[in-house]
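Understanding the architecture of this molecule
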Amino acid sequence: MAKNIVVVGAGFAGILATKKLAKRFKANSDITITLIDRHSYFTYLTQLHEVATERVAPDAIQYDLQHLFNHAKNVRLVTDTVTQVDKENKTVVGKRSQYPFDSLLISMGGEPNDFGTPGVKENGYTLWSMEDAIRLRTHLDDIIRQGAAEPDPKKTAGNAHHRHLRFRFHRCRNHR
């Protein structure tokens with residue numbers, strides 16, 4: 001009797017679980033593992049700060065799921081956004097399709113929390129996704145460029161700080 005294990009989320013937990021399940025059931029052709037994620041790639045979240053500070057390119061911390069699972073014949077990869085889990089009918093509902101399951105693992109990760117600290121949501125930057133890292137990187141570039149272009153050291157928190165910003169700006173520009 002064919003069985004389908006559905007894993008929702010291709011973060012650290014979803015990837016590890018899918019790899020372990022694929023290995024465990026490698027010899028059992030009746031079991032399929034379906035990994036569903038909104039992206040077709042895995043982002044190495046603990047390296048987002050490297051993207052934000054332009055030490056590495058965004059694609060250096062993203063790994064194609066097809067490549068990660070190319071030897072796992074019992075893994076089916078699906079790019080979709082999960083909108084609902086119908087426990088009664090044992091179905092995961094996505095924006096594109098529905099995915100029946102016999103067993104379900106939900107590993108969708110978390111989200112940043114400002115704990116209600118005033119001003120954080122309006123003025124802070126999260127570092128939880130590639131989009132966050134690029135948004136922060138753009139902001140840092142803008143600040144550095146503004147500081148490097150400002151001739152008045154009083155407006156850049158002192159001359160030493162001003163020289164540091166100029167150095168940082170040129171360093172970033174030369175590393176591209």
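Remember, it's a predicted structure, so these values are computed and weren't measured experimentally.

Counting all residues, the mean pLDDT for the protein is 88, and 86% of those residues have values of 70 or more. Across residues 158–171, confidence stays below pLDDT 50; counting only partners more than four residues off in sequence or on other chains, it has 16 contacts.

Now for the packing of aromatic side chains. Applying the stated criterion across every chain yields a total of 4 aromatic pairs. Counting every residue linked through ring pairs, the aromatic cluster contains F12, F42, Y44 and Y63. The side chain of K19 reaches across the aromatic face of F69, ending 4.9 Å from its centre.

Glancing now at the nonpolar core. Within soluble globular proteins, side chains that are nonpolar tend to cluster in buried spots. In this structure, I15, I33 and F69 are the most contacted members of the largest nonpolar core, which totals 15 residues. Elements represented by at least two residues in this core include exactly strand 1 (3–8), helix 1 (12–24) and strand 2 (31–37). Residues within four places of F69 in sequence aside, it is in contact with I15, T18, K19, L35, V75 and L77. V6, V8, V92 and F101 belong to the second-largest nonpolar core, a separate cluster that totals 8 residues.

In this section: the environment of K90. As for its position among the elements, K90 is in the loop between strand 6 (82–86) and strand 7 (91–94). Here K90 falls in the partly exposed class, since its relative accessible area comes to 39%. Between the C-alpha atom of K90 and that of L104, which follows or precedes it by 14 residues, the distance is 8.5 Å. In this structure K90 touches Y99, P100, F101 and D102, once residues within four positions along its chain are discounted.

Turning our eyes to something else, we now look at the pairing of strand 7. Working note: regular strand, side chains alternate between the two faces of the sheet. Burial along strand 7 is two-sided: T91 and V93 and V92 and G94, pointing in opposite directions, are all buried. When strand 6 meets strand 7, the two strands line up antiparallel, connected through 4 bridges. Paired with Q84 across the two strands is V93, which belongs to strand 7. Hairpin remark: strand 6 followed by strand 7, antiparallel, with 4 residues in the connecting loop; positive phi at K90, about 50°. Where strand 7 meets strand 8 (residues 98–100), 3 bridges bridge the pair, whose relative direction is antiparallel. Counted as the bridge partner of T91 is P100 from strand 8. Between strand 7 and strand 8, which pair antiparallel in sequence order, lie 3 residues.

So, how was this worked out
- Residues numbered from 1 in each chain as written.
- Predicted model: local features only at pLDDT ≥ 70, side-chain atom pairs only at ≥ 80, totals over all residues.
- Heavy atoms only, no water.
- pLDDT = per-residue confidence, 0-100.
- Contact = heavy atoms within 4.5 Å.
- Phe/Tyr/Trp six-rings, centres within 6.5 Å; stacked < 30°, edge-to-face > 60°.
- Lys NZ or Arg CZ within 6 Å of the ring centre and 35° of its normal.
- Core = buried A, V, L, I, M, F, W, Y, C linked by side-chain atoms within 4.5 Å.
- Buried < 20%, exposed > 50% of the residue type's maximum accessible area, 1.4 Å probe, protein only.
- Helix = DSSP H or I, 4+ residues; strand = E, 2+ residues; numbered from the N terminus.
- Pairing = 2+ DSSP bridges.

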